[in-house]
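Coordinate analysis (summary)
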Amino acid sequence: MLLDNHGRKITYLRLAVTDRCNLRCFYCMPEDGLQWLSRKELMTYGEMLQICSLLVKMGIEKIRITGGEPFVRKDIMQFLTALSQLNGVKELTITTNGVLTAPHVKELKKIGVKSVNLSLDTLDAERFFNITKRDEFSNVMESLGELLKHNIEVKINAVVMDGKNTQDIIPLVELTKDMPVSVRFIEEMPFNGDGHVYGGLQWDYVRILEEISFKYPDIQKIPDGEFSTSYNYQVPGHKGTIGIIAAYSRTFCGTCNRIRITPLGELKTCLYDDGVLNIKDLIRQGVAKDNLNKILLNAFNNRAKDGWEAERLRVENRGAHESMATIGG
């Protein structure tokens, strides 16, 4: 069992395979994009498999592939197939924006992917374009349909943004009436990467629940999983469920079981930290597996207590937030 210095189990790795994305959501990156990492800077698939193999032996059981957008990276399905065959991986999942996902759904099912997180902040095509700066709404909805058709569990992630998509909260909830999906509303976080000062949280998890409860006063609390980051609910009679993730309020840090690795190979033991070490660089320097194991254990034994402590240390070191696209958001 892999434990951190606060007695929390670490069982879940979020692995970002690229910083590139085919959307330009304003809360994630600047409209004109980012200065993309060079191929030499990115981890190779071989290095990712090596890292995952080591971490699985240490206690990681679940791996989520993220980006940027995972499906923009060449040969991603070959990598996912290899990863699914890694001995010890109990659960392989993916977070995607759905633009390029539909053609791969059948193969995802074949290799054992049982759950996909689909980023979708609105059900209105015009607002979708305003948020993402791309006309891809129909492709995302096609991916949603294909995932459900192949009985892959879908969690729809919607970032709630004041003045942008709060009118979509109820329509998204209404998806759960006839679809077996989990719609999760996420507090906006200060990771836009465009240099603007974050204006503060207008829609926290309490306000989001109040908005839903006004329309659905009979909404019921349902049990949360052991390591759940969301408060979970269901409207009686609906096939799907609702989750509210206090990503900015950080109410779930006490049970956090996840670590992140960026496309650069940087290990983040908290979403809000500055990156504690670069595993890719250590591998390329020829560090032996036993020594790498010790280095990783030391990092886990110096993990921040919560996101507030991690952010405080980060600001002291760098004074700025990077884009969510570069840290596996």
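The paragraphs below set out a description of the structure included in this document. (Residues numbered from 1 in each chain as written. Predicted model: local features only at pLDDT ≥ 70, side-chain atom pairs only at ≥ 80, totals over all residues. Heavy atoms only, no water.)

Turning our eyes to something else, we now look at unusual backbone geometry. Following Gly67, the chain continues to Gly68 via a peptide bond in cis, the omega torsion being 15°. Here Gly68 shows up in the loop between strand S2 (62-66) and helix H2 (76-84). Non-glycine residue Asp75 carries a positive phi angle of around 65°. Looking at the secondary structure, you find Asp75 in the loop between S2 and H2. The residue Asn151 is not glycine, and still its phi comes out positive at about 55°. When you line up the elements, Asn151 lands in the loop between helix H5 (137-149) and strand S5 (153-160). (Helix = DSSP H or I, 4+ residues; strand = E, 2+ residues; numbered from the N terminus.)

Taken as a class, soluble globular proteins show a tendency for nonpolar side chains to be buried jointly. Within the largest apolar cluster, 93 residues are counted, with the highest numbers of intra-cluster contacts made by Leu55, Ile63, Ile65, Phe185, Ile212 and Leu296. Here this core takes eight residues from helix H1 (residues 45-58), the largest share from any one element. Contact partners of Leu296, with chain neighbours within four places excluded, come to Leu54, Leu55, Met58, Leu267, Leu277 and Ile279. (Core = buried A, V, L, I, M, F, W, Y, C linked by side-chain atoms within 4.5 Å. Buried < 20%, exposed > 50% of the residue type's maximum accessible area, 1.4 Å probe, protein only. Contact = heavy atoms within 4.5 Å.)

The next point concerns the pattern of salt bridges. Under the counting rule described, the total for this entry stands at ten salt bridges. Lys9 is paired through a salt bridge with Glu226; the nearest N and O atoms lie 3.7 Å apart. Of this pair, Lys9 sits in the segment before strand S1 (12-16) while Glu226 sits in the loop between strand S7 (220-221) and strand S8 (230-234), and the two are 217 residues apart along the sequence. For Glu226, a relative accessible area of 58% puts it in the exposed group. Among the salt bridges present, the one from Glu91 reaches Lys62, with a minimum N-O distance of 3.9 Å. Residue Glu91 is located in strand S3 (residues 91-96), and its partner Lys62 is located in strand S2; the two are separated by 29 residues in the primary sequence. (Salt bridge = Lys/Arg side-chain N within 4 Å of Asp/Glu carboxyl O.)

As far as function goes, none of this settles anything; it's purely spatial.
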